[in-house]
Amino acid sequence: MGTKRDEPPKPEEKTPAEPVARPEHHTVYLSWEAEEYEHVPKKRWWFLALGLITFLLAGGAIYLENYFFSVFIIGSGITLALFARQGPKKVRFSIASEGLEIGHRLHSFENLSSFWIFFDPPLFKELSVESKKIFMPYIKAPLGELDPKRVREIMMKFLPEEKQNESFISLLARVVGF
């Protein structure tokens, strides 16, 4: 009599919102899904203004015989228009014992120095974590429908809370609609 062989387990399909693989000692304290940024639909005048500014800057570069810069300006204008039309993706965020997970990327608490929660309802609720890395000084995580007090309680177990000021680029992006 033959014995029935066990079939090897089928690999699980991973979805973009599924968290990264974790070691056994890795504990998730809080997990949520939110859009990667707040999308502000652009009106027709916004695209017309972008086109006009792009045209004027490219024209100025051509006038100054800086053709490479004019091509750069036109390419940047097109890229900005394409980016403005698309909506944000849903991303999974998690606060875990090892660090802050955003999508499939883990930002270890060892590489983070502090956090702050920007809270100005109904405009925005955002967790901002200061990184020790030079090229990525702040990591932002929109809180969606989460209670900011709960997020604060958990984050204080791992990082000190230090007031941060919103950067000029963030303010400019909010004013322009990004």
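Just so you know, these numbers come straight off a predicted model, no measurement behind them.

The rules we used
Residues numbered from 1 in each chain as written. Predicted model: local features only at pLDDT ≥ 70, side-chain atom pairs only at ≥ 80, totals over all residues. Heavy atoms only, no water. pLDDT = per-residue confidence, 0-100. Helix = DSSP H or I, 4+ residues; strand = E, 2+ residues; numbered from the N terminus. Contact = heavy atoms within 4.5 Å. Salt bridge = Lys/Arg side-chain N within 4 Å of Asp/Glu carboxyl O. Buried < 20%, exposed > 50% of the residue type's maximum accessible area, 1.4 Å probe, protein only.

Undergrad: Pulling in residues and values, what's your account of the confidence of the model for the protein chain?
TA: Averaged over all residues, the pLDDT of the protein chain equals 82, while 84% of them reach at least 70. By mean pLDDT, the top-scoring element of the protein chain is helix α1 (residues 44-63) (94), and the lowest-scoring one is helix α4 (residues 168-176) (75). Predicted confidence for residues 1-19 stays below pLDDT 50, and this span has 11 contacts to residues more than four positions away or in other chains.

Undergrad: Lay out the pattern of salt bridges in plain terms, naming residues and giving numbers.
TA: Scanning all chains against the criterion turns up 3 salt bridges. Among the ionic pairs, R92 bridges to E33, the shortest N-O distance being 3.4 Å. Of the two residues, R92 sits in strand β2 (residues 90-96) while E33 sits in strand β1 (residues 28-35), which places them 59 residues apart along the sequence. According to the relative accessible area criterion, R92 is partly exposed, its value standing at 22%.

Undergrad: I'd like a rundown of the environment of W116, residues and numbers included.
TA: Topologically, W116 is positioned in strand β5 (residues 112-120). Owing to a relative accessible area of 21%, W116 belongs among the partly exposed residues under this scheme. Sequence spacing of W116 and S128 is 12 residues, and the spatial spacing of their C-alpha atoms is 5.3 Å. With near-sequence residues (within four places) excluded, W116 lies in contact with E126, L127, S128, E161, E162, K163 and Q164.

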